[in-house]
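Here is how the chains run, residue by residue.
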Amino acid sequence: MSTSEIDRQWTTRLRRRAVGKIPPEKMMPDTQPSYVSSWIYVFGVTTISALIVVIGTGCILALRGPTWWHGSDIGHFVNSLHLWSVEIFFFSMVVHLWGKYFMAAWRGGRAMTWITGMFLFLASIVTALTGYVSQSNFDSQWISTQAKDAINSSGGGAYFNLLNFGQMLMWHIVLLPLVLVFLVAVHVVLVRIKGVVPPFEDSPSASHE
Amino acid sequence: MGPMLFAALVPLNHPDYYFHWHFIEISAANAIVIGLMLVTFVAALLLPFPGRRRRKENR
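Here is what the cut-offs are and how they apply
- Residues numbered from 1 in each chain as written.
- Chains lettered and ligands numbered in written order.
- Predicted model: local features only at pLDDT ≥ 70, side-chain atom pairs only at ≥ 80, totals over all residues.
- Helix = DSSP H or I, 4+ residues; strand = E, 2+ residues; numbered from the N terminus.
- Buried ≥ 20, exposed ≤ 12 C-beta atoms within 10 Å, placed from the backbone.
- Core = buried A, V, L, I, M, F, W, Y, C linked by C-beta atoms within 7 Å.
- Contact = placed C-beta atoms within 7 Å.
- pLDDT = per-residue confidence, 0-100.
- Nonpolar A, V, L, I, M, F, W, Y, C, P; charged D, E, K, R; others polar.
- Pairing = 2+ DSSP bridges.
- Expected span 1.5 Å × (residues − 1).
- Axes fitted to C-alpha atoms, helices over the stretch in contact; angles between N-to-C directions.
- Parallel < 35°, antiparallel > 145°, perpendicular 65-115°, else oblique.
- Left-handed = near helix turned anticlockwise from the far one by under 90°.

(A) Structural context of the overall build of chain A. Counting its secondary structure elements, chain A contains ten helices and zero strands. Along chain A, helices and strands appear, N-terminal first, in the series α-α-α-α-α-α-α-α-α-α. Taking the principal axes of the C-alpha coordinates as reference, chain A spans close to 65 × 60 × 40 Å. Counting across all 209 residues of chain A, residues that qualify as buried make up 21%.

(B) Fine view of the overall build of chain B. Counting secondary structure elements, chain B contains three helices and two strands. For chain B, the succession of helices and strands along the chain, N to C, is α-β-β-α-α. Expressed as a percentage of its 59 residues, the buried residues of chain B come to 2%.

(C) Layout of the nonpolar core. Residues and elements named next belong to chain A. A50, L51, V54, V86, F89, M93 and L97 together form the largest nonpolar core, which totals seven residues. Take this core: its biggest share by element is four residues, from helix 6 (residues 73–103). Other than its neighbours up to four places away in sequence, V86 contacts V54 and A128. Formed by five residues, the second largest nonpolar core is a distinct cluster that contains L129, V133, M168 and W171.

(D) Main features of the confidence of the model for chain B. Looking at chain B as a whole, its pLDDT mean stands at 82, while 73% of the residues score no less than 70. Here the complex is predicted with pTM 0.86, and the ipTM for its interfaces comes to 0.83.

(E) Representation of the interface of chain A and chain B. Of the residues lining the interface, nine residues belong to chain A; the matching set on chain B comes to eleven residues. Looking at side-chain class alone, the side of chain A that touches chain B contains six nonpolar, three polar and no charged residues.

(F) Examining the environment of A:M28 more closely. On the secondary structure map, A:M28 appears in the loop between helix 3 (24–27) and helix 4 (43–64). Sequence spacing of A:M28 and A:W84 is 56 residues, and the spatial spacing of their C-alpha atoms is 30 Å.

(G) Molecular detail of the pairing of strand 2 (residues 24–27) of chain B. The pairing of strand 1 (residues 18–21) of chain B with strand 2 of chain B spans four bridges and is antiparallel. In the sheet register, B:H20 faces strand 2 of chain B, and the bridge partner there is B:E25.

(H) Structural context of helix 8 (residues 138–154) of chain A. Residues and elements named next belong to chain A. Here helix 8 is 17 residues long and its end C-alpha atoms lie 25 Å apart, about the 24 Å a rise of 1.5 Å per residue gives. The element helix 8 is barely covered by neighbouring structure, given that only one of its 17 residues are classed as buried. Just downstream of helix 8 lies G155, where phi reads positive at about 90 degrees.

(I) Examining the packing of helix 6 of chain A against helix 7 (residues 111–132) of chain A more closely. All names here are of chain A. Packing of helix 6 against helix 7 leaves a shortest axis separation of 12 Å and a crossing angle of 160 degrees. By the criterion of interaxial angle, the relationship of helix 6 to helix 7 is roughly antiparallel. Between helix 6 and helix 7 lies a crossing of left-handed hand. Residues V86, F90, M93 and L97 of helix 6 form the contact with helix 7, whose own contacting residues are F121, S124 and A128. When the residues that make up the contact of helix 6 with helix 7 are grouped by side-chain class, the tally is six nonpolar, one polar and no charged.

(J) Main features of the environment of A:P199. Relative to the helices and strands, A:P199 is located in the loop between helix 9 (165–194) and helix 10 (204–207). Ignoring any residue separated from it by four or fewer positions in sequence, one finds A:P199 in contact with A:Y35 and A:M103.

(K) How the structure looks around unusual backbone geometry. One non-glycine residue, A:A104, lies in the positive phi region at around 50 degrees. Relative to the helices and strands, A:A104 resides in the loop between helix 6 and helix 7. With a phi close to 55 degrees, B:H22 is a non-glycine residue in the positive phi region. By the secondary structure assignment, B:H22 is in the loop between strand 1 and strand 2. The class for B:H22 is exposed, based on 5 C-beta atoms found within 10 Å.

Encoded structure:
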């Protein structure tokens, strides 16, 4: 195959474009700026770590089914791990959001990072809601009958029916996890491309103190 | 034994307690979680990060 033919291949062009945009040393950096040495910067990765546990425990729940997670000790345990990793996920995400909000983390051309984070937050709320209505217990019945009114009043009830267990379960275990994982990947790649947002500069008066 | 002990420490088999203040109505559980998030946020800003001093000395 000639060099010009290789250059025209879509795999070659895609690889060169990807490597040009995100060089490997930028994608997996050896060091971070010194200002990242603060606890406020750990909550993004804590959120992703919790998401990994959420997905892992969710896969185990999917393997065994509701009879198992409602009726056995180990099922209760995995069910609890799934719930509490979701609690840690949201807890960390909110602290991460507050930290980034007060840093104005959209500065320096990072608007898309902020926007993908915002959509991640919204998608996570819908994923949690579909999870709560998929528990197959009295709690899920109560939540679905209450939440359907909110969805119906928005006009979305014809497409997103909280009382349709099959639809809610499929959104929870297929569609929304795909959306979340895709958005997390884009969010992290954007952070790698643009770098972690630096803190605000000290005011001139503060620098003399 | 473990679940029974936990149930004794945190009795959950009752309606949730709610705080009411003007138009604000929030369950005790949600208020506690929000309070913990605020405490964590402030602690993350104030607590020293391990190895920070060493990194500064190396620079």
